[in-house]
Amino acid sequence: MFRFISQLAWKNLMRYKRRTLITALAIAMGIGMYIGVDSMLKSAEQESERNLHDFETGSGVITTKAYWDSKERIPTSEYIEHSNVLLQSLSDAGLQAAPRIQAQGELIVYEDPYPVDGSMRVILTGIDPVRDEKVFKLQKTLSKGRFLKEQNPEVILGSWIAEKLNADVGYPITIVTRTVNGYMQTIDATVVGIIDAPDPVINRTGVYLPLEYLQEMLEMPQGATHIFINFNMSNVNKNEQKINEILLNQPMLMYHSWEKLAEDYLAIAGAKQKGTSFILLLVFIIAAVGISNTMLMAVYERMRELGMLRAMGMEDEDIKNLFFIEAGLIGIIGAVFGVVLGIAFDFYLVTYGFDFSMFLKDIDIGYRVGGAFHGIWNITTMISCFFIGAVIAVLVSIFPVRRGLKKTIVECLRK
Amino acid sequence: MITIDALVKTYREGESEVHALRGVSLEIKPGEFTAIAGPSGSGKTTLLNIIGLLDDADSGKILIDGRDIQTFSGKERARFRREKLGFVFQTFNLIPVLTAYENVALALNLLQISAKEIESRTIAILHEVGLKGAENRLPSKLSGGQQQRVAIARALVKRPLLVLADEPTANLDSVTGEEIMKLMLELNKKHGTTFIFSTHDPMVMLYATRLIKLHDGLIVSDERR
């Protein structure tokens, strides 16, 4: 009986080829889009986390408690004194660490060599050219000039900020900031390098100076606002335990994991994931309404046929199965097309990606993806989408089929 | 043997009531070729629908082979229709995606008999109704008369106790209609299957061996020929 019903279901689908195809395409579009967008988002998340780790957060950071409590306003005066002692302890514990200073400042450029006079508010980052490499990959992204040398009044800029200022290697730059004691300080430095990092935040906002030079300028010898740490993420608990043991005797200091440091990013990424899921849910609902409508039309158009089958003694269960198989087949056809579409979408994303760098220069979308948004192959998503497509198709056909079967045989035959 | 006793059926149409059957009683012997005649609204189709377990009577009894079919559950009704009853409708009601062969075989597929038997019985009945060579045609490629022949073959292939035909010639021209009546009569004689058909066509009535006339839900004449 099942074989016969399946054959009949297939023939019915072929009878309305165009309608079957349109409905299947609606499902295919939903599934294809889901696979593609999911692939792009997962890839963006992976890349963002990698870039955050490599350029912004490391595995974690030590700051003073006072700094952390008001970190949004970058309170440079709440710095870690004698950071070298702490760095030595971390090194003794086998942990890679790099001190950094973050301070607010105003970057000023003057006409000649710049096209016009101008200024902008920036966050200055003082880095130790030797130690920084143990935690971050900034040095590897140098696209022009050279990296910083200790104690020199020099600066390297992110590529987009350099482009915005029309700055180049060798150009002078003036930075006005405040020392930790509250005095105004003016730094005259030379641009020695331009970095082009895969992290858009670095390219958009990066203004780096040598740590020792900045310590001197900000009147905080041996001080650092942050000590970033890099360790193997497969052994987080053990490494965090080591750090916390080191900090036991320093109640003013506190360790924060990269997740804490990247709380804003994680919140944005989470919200985006939810927003995208909601949009995709709407796409699926539209596809589901399409199937439901197709099945409703199929039931109503074939009401007399349905009556005839019931008159001939076909049981309601078999008639339900007939329509469920039809819906399931539409779902399977749509899911196959959808997965193929998703694979094509994924292939394009993995191979070429979508280049949003033009927009990312000016807008922070939260993701730390600098150039092209790529995709990743996600077989689990493809398989689950295939089954979900087929199952949804059957589920949404339940209502129209039951509605059709509620009519008496005589009513069906009269249609 | 079909025994119908005091069958009553009333429909509601908005605020008003339509008395389709007002106490119909009759007996039909096995092998009879019975026409239920009468004008539109006389209750012919309602009577056939109730006998065919497609509709329920408000009161009264129908015994087929000694069994009170009104007491059947939904599943028993479906089974009874599947095994014991054949239907022929004025609009043929063939499944458009199935060929003539498949439409006829459908009735046997529901009985779940062997593929071999389905094939032999289907081919035999199609040849018997004059559709040799048209087995693989879809209904859309058949004339009205041929479609009704397929419907008759579908009704008879399962060797039913009773074939119910609701105005089987109403959608056919007079020549084709007459051919269909001849065919039905021939099959009735050959297989001994009981036929009950409704009509208001005097030509069709001529073929009946028993003519029951209905008017306003009541039997007004019952004539054996």
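Every value quoted in this text rests on a predicted model; they were computed, and no experiment measured them. (Residues numbered from 1 in each chain as written. Chains lettered and ligands numbered in written order. Predicted model: local features only at pLDDT ≥ 70, side-chain atom pairs only at ≥ 80, totals over all residues. Heavy atoms only, no water.)

### Structural notes on the overall build of chain A
Part 1 of the argument: Across its full length, chain A carries 16 helices and twelve strands.
Part 2 of the argument: Taken over C-alpha atoms, the radius of gyration comes to 31 Å for chain A, far larger than the 22 Å a tight globule of 415 residues would show.
Part 3 of the argument: Projected onto the principal axes, the alpha-carbon positions of chain A cover approximately 95 × 55 × 30 Å.
Part 4 of the argument: Buried positions account for 52% of the 415 residues belonging to chain A.
Part 5 of the argument: For chain A, the exposed area adds up to about 19,400 Å²; of that, 58% sits on carbon and sulfur atoms.
Part 6 of the argument: The average position of the 40 basic charges and that of the 45 acidic charges among the side chains of chain A differ by 15 Å. (Helix = DSSP H or I, 4+ residues; strand = E, 2+ residues; numbered from the N terminus. Rg over C-alpha atoms; globule rule 2.2 N^0.38 Å. Buried < 20%, exposed > 50% of the residue type's maximum accessible area, 1.4 Å probe, protein only. Areas by Shrake-Rupley, 256 points an atom, 1.4 Å probe, with all protein chains shown as cover. Lys, Arg positive; Asp, Glu negative; His and termini not counted. Charge placed at Lys NZ, Arg CZ, Asp CG, Glu CD.)

### Notes on the pattern of salt bridges
Residues and elements named next belong to chain A.
Part 1 of the argument: With the rule as written, the count across this model stands at 29 salt bridges over all chains.
Part 2 of the argument: Two residues, Arg302 and Glu326, come together in a salt bridge whose shortest N-O distance is 2.7 Å. One end of the pair, Arg302, is in the loop between helix H11 (263-301) and helix H12 (303-311); the other, Glu326, is in helix H13 (residues 316-351), with 24 residues separating them in the sequence. Residues Arg302 and Glu326 agree in their burial class; the two are buried.
Part 3 of the argument: With a closest N to O distance of 3.4 Å, Arg310 and Asp316 form a salt bridge.
Part 4 of the argument: Its relative accessible area of 8% is what places Arg310 among the buried residues.
Part 5 of the argument: Residue classification places Asp316 among the partly exposed positions, given a relative accessible area of 32%. (Salt bridge = Lys/Arg side-chain N within 4 Å of Asp/Glu carboxyl O.)

### A word on the domain arrangement of chain A
Residues and elements named next belong to chain A.
Part 1 of the argument: When cut into domains, chain A gives domain 1 (2-52 + 265-414) and domain 2 (60-230).
Part 2 of the argument: If you look at the interface, domain 1 gives twelve residues, while domain 2 gives seven residues.
Part 3 of the argument: Contact between domain 1 and domain 2 buries roughly 820 Å² in total, counting both sides, with carbon and sulfur atoms accounting for 53%.
Part 4 of the argument: The interface formed by domain 1 and domain 2 holds zero salt bridges in total.
Part 5 of the argument: Applying the counting criterion to the domain 1 and domain 2 interface returns one residue pair in polar contact (both at pLDDT 80 or more).
Part 6 of the argument: Put simply, the parts of the chain that give the side of domain 1 that touches domain 2 at least two residues each are helix H2 (17-57) and helix H14 (357-360). (Domains from an automatic or database assignment. Contact = heavy atoms within 4.5 Å. Buried area = accessible area lost by both parts, 1.4 Å probe. Polar contact = N/O pair within 3.5 Å; in protein donor to acceptor, adjacent residues only side chain to side chain.)

### Concerning the pairing of strand E2 (residues 16-28) of chain B
Part 1 of the argument: Pairing of strand E1 (residues 2-13) of chain B with E2(B) involves ten bridges; the strand directions are antiparallel. Opposite Val8(B), over in E2(B), you have Arg22(B) as the bridge partner. (Pairing = 2+ DSSP bridges.)

### Overview of the sheet that holds strand E3 (residues 33-37) of chain B
Strands belonging to one sheet form pairs held by backbone hydrogen bonds; the direction of such a pair is parallel or antiparallel.
Residues and elements named next belong to chain B.
Part 1 of the argument: Strand order in this open sheet of six strands is E6-E7-E8-E3-E9-E10, and the pairing throughout is mixed. Two strands lie at the open edges of the sheet, namely strand E6 (85-89) and strand E10 (218-224), each paired on one side alone. For this sheet, the mean angle separating the axes of adjacent strands, direction not counted, is 15 degrees.
Part 2 of the argument: Here four bridges tie E3 to strand E9 (residues 210-215), and the two strands are oriented parallel to one another. Looking at E9, one finds that Ala37 is bridged to Lys213. (Axes fitted to C-alpha atoms, helices over the stretch in contact; angles between N-to-C directions.)

### Describing helix H6 (residues 174-191) of chain B
Residues and elements named next belong to chain B.
Part 1 of the argument: Taking 1.5 Å of rise per residue, 18 residues should cover 26 Å, and H6 covers 25 Å from first to last C-alpha, within 8% of that figure.
Part 2 of the argument: Taken residue by residue, H6 has Thr176, Gly177, Ile180, Met181, Leu183, Met184, Leu185, Leu187 and Asn188 as its buried positions.
Part 3 of the argument: Each element contacted by the buried residues of H6 is listed here: E3, helix H4 (115-128), helix H5 (144-156), strand E7 (162-166), strand E8 (194-199) and helix H7 (202-207).
Part 4 of the argument: Its side-chain oxygen placed 3.1 Å from the backbone nitrogen of Val175, Asp173 serves as the N-cap of H6. (Expected span 1.5 Å × (residues − 1).)

### Some points on the pairing of E8(B)
Residue and element names in this part refer to chain B.
Part 1 of the argument: Most of E8 is tucked away, with six of its six residues classed as buried.
Part 2 of the argument: Taking every second residue as pointing to the same face, both faces of E8 are buried, with Thr194, Ile196 and Ser198 on one and Phe195, Phe197 and Thr199 on the other.
Part 3 of the argument: Two elements, E7 and E8, share five bridges in a ladder whose sense is parallel. Within E8, the residue paired with Ala165 across the bridge is Phe197.
Part 4 of the argument: Between the parallel pair E7 and E8, the chain is carried across by H6, and the sense of this crossover is right-handed. (Right-handed = clockwise from strand over helix to strand, strands pointing away.)

### Considerations on the packing of H11(A) against helix H15 (residues 379-405) of chain A
Geometry of a packed helix pair, given as the angle between the helix axes and the separation of the axes.
All names here are of chain A.
Part 1 of the argument: Between H11 and H15, the shortest axis-to-axis distance is 8 Å and the interhelical angle comes to 35 degrees. By crossing handedness, the relation of H11 to H15 is classed as right-handed. In this structure, H11 contributes Phe284, Ala288, Ile291, Ser292, Met295, Leu296, Val299 and Tyr300 to the contact, and H15 contributes Ile392, Ala393, Val396, Ser397, Pro400, Val401, Arg403 and Gly404.
Part 2 of the argument: Across the contact of H11 with H15, the residue classes break down as twelve nonpolar, three polar and one charged. (Left-handed = near helix turned anticlockwise from the far one by under 90°. Nonpolar A, V, L, I, M, F, W, Y, C, P; charged D, E, K, R; others polar.)

### Digging into the environment of Glu317(A)
All names here are of chain A.
Part 1 of the argument: Counting through the fold element by element, Glu317 comes out in helix H13.
Part 2 of the argument: What makes Glu317 partly exposed here is its relative accessible area of 44%.
Part 3 of the argument: Measuring from C-alpha to C-alpha, the distance between Glu317 and Trp160 comes to 66 Å, with 157 residues separating the pair along the chain.

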